[in-house]
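For reference, the chains in residue letters:
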Amino acid sequence: MRNPSVILAVVAMMVATSAKAQTFSSDDQIRRALVGNTIAGEESGETYVEFLRPDGRIDGVGSDGRYTGHWVISRGRMCMSYDEADDKSTPWDCARVHIQGDKVIWVDQGEKSYSTLSPGNPKNL
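Residues numbered from 1 in each chain as written. Predicted model: local features only at pLDDT ≥ 70, side-chain atom pairs only at ≥ 80, totals over all residues. Heavy atoms only, no water.

(A) Structural view of the packing of aromatic side chains. Overall, the coordinates contain one aromatic pair when judged by the stated rule. When the centroid spacing of 5.8 Å and the interplanar angle of 75 degrees are considered together, the rings of Y67 and Y82 count as edge-to-face. Linking Y67 in strand β5 (residues 65–74) with Y82 in strand β6 (residues 77–82), this pair joins segments that are 15 residues apart in sequence. A residue is classified by how much of its surface remains accessible, and Y82, at 23% relative accessible area, is partly exposed. (Phe/Tyr/Trp six-rings, centres within 6.5 Å; stacked < 30°, edge-to-face > 60°. Helix = DSSP H or I, 4+ residues; strand = E, 2+ residues; numbered from the N terminus. Buried < 20%, exposed > 50% of the residue type's maximum accessible area, 1.4 Å probe, protein only.)

(B) Main features of the pattern of salt bridges. Inspection of the entire model under this criterion finds four salt bridges. Put simply, D28 and R31 hold a salt bridge, and the shortest N to O gap is 3.3 Å. Of this pair, D28 and R31 are both found in helix α2 (residues 27–34), three residues apart, which corresponds to roughly one turn of the helix. In this structure D28 comes out as partly exposed when scored by relative accessible area, which is 45%. Residue R31 is classed as partly exposed on the basis of its relative accessible area, which comes to 34%. Between R53 and D59 there is a salt bridge, with the nearest N and O atoms lying 2.3 Å from each other. Looking at D59, the relative accessible area reads 14%, which means it is buried. (Salt bridge = Lys/Arg side-chain N within 4 Å of Asp/Glu carboxyl O.)

(C) Structural view of the environment of T116. Its location among the elements puts T116 in strand β9 (residues 111–118). Overall, T116 belongs to the partly exposed group, its relative accessible area being 27%. In sequence terms T116 and G41 are 75 residues apart; their C-alpha atoms lie 6.3 Å from each other. With residues near it in sequence (within four places) discarded, T116 still touches T38, I39, A40, D102 and K103. Within the structure, T116 has its side chain in polar contact with the side chain of K103 (distance 3.4 Å). (Contact = heavy atoms within 4.5 Å. Polar contact = N/O pair within 3.5 Å; in protein donor to acceptor, adjacent residues only side chain to side chain.)

(D) Looking closely at the pairing of strand β3 (residues 46–52). Burial runs high along β3: five of the seven residues are buried. Both strand β2 (residues 38–43) and β3 contribute to a ladder of six bridges, which runs antiparallel. Each bridged residue has a counterpart across the sheet, and for E43 the counterpart in β3 is E46. What sits between β2 and β3 in their antiparallel hairpin is a turn of two residues, with S44 showing a positive phi close to 55 degrees. In this sheet, strand β4 (residues 57–62) lies alongside β3 in antiparallel orientation, the contact comprising five bridges. The residue bridging V49 from the neighbouring strand is V61, located in β4. Between β3 and β4, which pair antiparallel one after the other, the connecting turn spans four residues, and G56 there sits at a positive phi close to 95 degrees. (Pairing = 2+ DSSP bridges.)

Following this line, the structure appears as C-alpha cells:
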C-alpha cells in the first residue's frame with residue numbers, strides 16, 4: 001500500500017513547480033513557444049489577437065480592424081514591428097519572454113505586460 005502523505009507531498013510539489021513561470025532566454029526556446037501560435041491581450045485599453053507566422057509575419061486584429069507586422073527573435077528577446085501607412089513600420093519593440101501556463105509575460109525595462117497564448121491559429125488570421 002502506498003503512503004498517502006507521500007503521494008500528497010509529491011502532488012503538491014508538482015503543482016507548485018508547474019505554477020512557476022518559465023523564462024525563455026534562448027532564441028530557440030522563444031521560437032518553439034510562440035511561433036505558429038496566437039497571442040491575445042490588451043494594450044493601452046485596446047484588445048488585440050495576433051498570429052505569429054513561421055515566416056516572421058504577424059497577422060492581427062484589434063479594435064480598429066486587421067493589421068500586419070513582423071517579428072524577429074534576437075538575443076533572447078521577442079521583437080515586433082507593425083506596418084503603418086505609406087510603407088512605414090513602427091520601431092521594433094523587444095521584450096524578454098516568460099510563460100506560465102497559457103499566460104505570456106512580456107518584460108521590458110522593468111515593465112510587464114501580459115498576453116494569453118493559444119496553440120495554432122484559432123481565429124484564422
